[in-house]
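# Descriptive analysis of the structure
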Amino acid sequence: MAPMFVPGPVDVNEDVLKAQTKAMLPHRSKEFEEIFHRSEEKSRKLFFTDSRVFISASSGTGLHEAAVRNLVSGKMLSCVNGAFGKRWHDVALTNGKLADKLETDWQQPITAELVAEAIKGKNYDIVAVVHNETSTGLMNPVREIAAAVHAASPDTLVCVDAVSSFSGADLKMDAWGLDMVLTSSQKCLALPPGLSLAAVNDRAMAKAETVENRGWYFDFVRLEKHRTADSTPATPANSLIYALDLQLDRILAEGLENRFARHCAMAQRAQGWALENGFGLYAPEGYRSQTVTTLENTPGVNVGDLNAFLLKRDMRVAGGYGHIKSHTFRIGHMGELNLDDLEILLAAMEEYLAVGHNAA
Ligand code: PLP
């Protein structure tokens, strides 16, 4: 495997890749329904929820759309401190929804206090917040945000994008009072891209039933009708579901707390290394991501040259994203990677830095 230290798509285990090559089954067959059923049941454990999980043949952005189409009839609040919070807000506006924006400097977290202030007297349908901003390497305190929303505005639903933290950093849907949590397959789940998962609780389902123009493909009410029959309204991504079924077994065998600890150890090492080697960290202390590190490129490393050097050893890192692209780059440490893999990357990066920036 050629380790990709990028925040998705990430390397996929060989057996999981192979699982996709199993023969197709008709999706309305008993055999497929069984696979679908157990995949959904196992997925719930990763969300730490007893609620339903919709398995969608789309990437995570589709579920940004699902959230606003199903849950917003009046107005929503978009929390924006990175490129993906901004995208969710744009998705809301382009779907014709009314959305206010709570935006901070991208180097600052969205705090519970900021949200409490922003929702005062507003009665928003939902507050949409990204748990782990993949652009900035910053984790927002969604547990505290959810508590603040429920205290100030009990009918407001809390919707969380956990695309790049799900199964890599602690997130407990039911215990934290999250009403909808969405994720994509190609990040910490370490599956190929193309699948996304949304856990939706009963409060959110009750709201969806009252919202008009939910569309067809992502309509929660339609999805639920089929899910209870272990199926989907449209053709599912069979091969990806075969892979999901196996990968969920692998993840549950590792244990979620062990998995979180593995990601945490990699984050601490990557972030310590960055500071020791003359780089800055884009996100502030206390809010740094467990799954992706965004480095301030203080030494002015040419990331293209660095990657050319790393690629000779079958590794790569990721460039910056959004408007911070020119002065940041990212080390993804998620999915199948472990500390030993990271040490190999960091040693190679040190070698690159030692021989100067023309080593490619
Ligand atoms: N949200 C976050 C935090 C992301 O990192 C990404 C993609 O990188 C998305 C949403 C969009 O997900 P997808 O590319 O699966 O549509």
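Conventions adopted
- Residues numbered from 1 in each chain as written.
- Predicted model: local features only at pLDDT ≥ 70, side-chain atom pairs only at ≥ 80, totals over all residues.
- Heavy atoms only, no water.
- Helix = DSSP H or I, 4+ residues; strand = E, 2+ residues; numbered from the N terminus.
- Expected span 1.5 Å × (residues − 1).
- Buried < 20%, exposed > 50% of the residue type's maximum accessible area, 1.4 Å probe, protein only.
- Polar contact = N/O pair within 3.5 Å; in protein donor to acceptor, adjacent residues only side chain to side chain.
- Contact = heavy atoms within 4.5 Å.
- Pairing = 2+ DSSP bridges.
- Core = buried A, V, L, I, M, F, W, Y, C linked by side-chain atoms within 4.5 Å.
- Near = heavy atom within 4 Å.
- Areas by Shrake-Rupley, 256 points an atom, 1.4 Å probe, with all protein chains shown as cover.
- Domains from an automatic or database assignment.
- Buried area = accessible area lost by both parts, 1.4 Å probe.
- Axes fitted to C-alpha atoms, helices over the stretch in contact; angles between N-to-C directions.
- Phe/Tyr/Trp six-rings, centres within 6.5 Å; stacked < 30°, edge-to-face > 60°.
- Lys NZ or Arg CZ within 6 Å of the ring centre and 35° of its normal.

Glancing now at helix α2 (residues 30-47). Across its 18 residues, α2 extends 26 Å between first and last C-alpha, which sits within 8% of the 26 Å expected from 1.5 Å per residue. Within α2, the full set of buried residues consists of Phe 32, Glu 33, Ile 35, Phe 36, Ser 39, Glu 40, Lys 42, Ser 43, Arg 44, Leu 46 and Phe 47. A positive phi of about 55 degrees marks Phe 48, the residue just after α2.

One can find Lys 42 in helix α2. One polar contact links Lys 42 to Asp 245, side chain to side chain, over a distance of 2.5 Å. Not counting chain neighbours up to four residues away, the residues in contact with Lys 42 comprise Asp 245, Leu 248, Asp 249 and Leu 252.

Let us now look at the pairing of strand β2 (residues 52-56). Judged by how many residues are buried, β2 sits mostly within the fold: five of five residues are covered. Burial along β2 is two-sided: Arg 52, Phe 54 and Ser 56 facing one way and Val 53 and Ile 55 facing the other are all buried. Bridge analysis of β2 against strand β10 (residues 196-200) gives five bridges, and the strand direction is antiparallel. Residue Phe 54 lies in a different strand from β10, and its bridge partner there is Ala 198.

What follows concerns the nonpolar core. In this structure, Val 115 and Leu 178 are the most contacted members of the largest nonpolar core, which totals 46 residues. Considering every element that reaches this core, the biggest residue donor is helix α10 (residues 238-254), with seven residues. Counting 34 residues, the second-largest nonpolar core is a separate cluster that includes Ala 67, Val 80, Ile 126 and Phe 220.

Let's shift gears to the environment of Gly 177. By the secondary structure assignment, Gly 177 is in the loop between α7 (173-176) and β9 (180-184). With 18 residues separating them along the chain, Gly 177 and Cys 159 place their C-alpha atoms 10.0 Å apart. Apart from residues no more than four positions distant in its own chain, Gly 177 is found in contact with Ala 146, His 150 and Val 158.

This part covers the site of the ligand. For the ligand, the set of nearby residues contains 15 residues, the closest of which are Ser 59, Thr 61, Thr 134, Asp 161 and Lys 187. A distance of 2.6 Å is found between a nitrogen atom of the ligand and a side-chain nitrogen or oxygen belonging to Asp 161. A distance of 3.0 Å separates an oxygen atom of the ligand from a polar atom in the side chain of Gln 186. Starting from 390 Å² of accessible surface for the ligand in isolation, the protein chains cover 90%. Listing elements by their share of the shell around the ligand, those giving two or more residues are α3 (60-71) and α4 (83-94). Residue contributions to the shell around the ligand peak at three residues, all from α3.

Before going further, it helps to examine the domain arrangement of the protein. Each assigned domain of the protein is listed here: domain 1 (14-253) and domain 2 (256-354). Look at where the C-alpha atoms of domain 1 and domain 2 centre, and you get two points 27 Å apart. Across the contact, 32 residues belong to domain 1 and 23 residues belong to domain 2. Summing both partners gives a buried area of about 2,300 Å² for domain 1 against domain 2, and 60% of it is carried by carbon and sulfur. Inspection of the region where domain 1 meets domain 2 yields 17 residue pairs in polar contact (both at pLDDT 80 or more). Counting residues per element, the ones that place at least two in the side of domain 1 that touches domain 2 are α2, α4, β7 (138-139) and α10.

So, about the sheet that holds strand β12 (residues 292-296). Either a parallel or an antiparallel arrangement is found when strands of a sheet pair, and the pairing is made through backbone hydrogen bonds. In spatial order, the strands read β1-β13-β14-β12-β11; together these five strands make up an open sheet with mixed pairing. Each edge of the open sheet carries a strand with a single partner, namely β1 (4-5) and β11 (280-281). Inspection of the sheet shows β11 paired to β12 by two bridges, in the antiparallel sense. By the bridge assignment, Leu 281 is partnered in β12 with Leu 295. Docked against the sheet, helix α13 (residues 339-354) engages β1, β13 (316-319) and β14 (328-332), running at close to 150 degrees with respect to β14.

This paragraph deals with the packing of aromatic side chains. Two numbers describe a pair of aromatic rings. These are the distance of the centres and the angle of the planes. Counted according to the given criterion, the structure contains 10 aromatic pairs. For the pair Phe 32 and Tyr 242, a centre-to-centre distance of 6.3 Å together with 65 degrees between the ring planes defines the contact as edge-to-face. A residue pair is termed long-range when its members are at least 10 positions apart, and Phe 32 in helix α2 and Tyr 242 in helix α10 qualify at 210 residues. Taken together, a centroid distance of 5.1 Å and an interplanar angle of 35 degrees make the contact between Phe 84 and Tyr 321 tilted. Taken together, the positions of Phe 84 in helix α4 and Tyr 321 in the loop between β13 and β14 put the pair 237 residues apart, joining distant regions of the chain. These aromatic residues form a ring-pair network of at least three members: Phe 32, Phe 36 and Tyr 242. Across the ring face of Tyr 242, the terminal group of Lys 22 is positioned such that the distance to the ring centre comes to 4.9 Å. Lying over the aromatic face of Phe 48, Lys 172 brings its terminal NZ or CZ to 4.7 Å of the ring centre.

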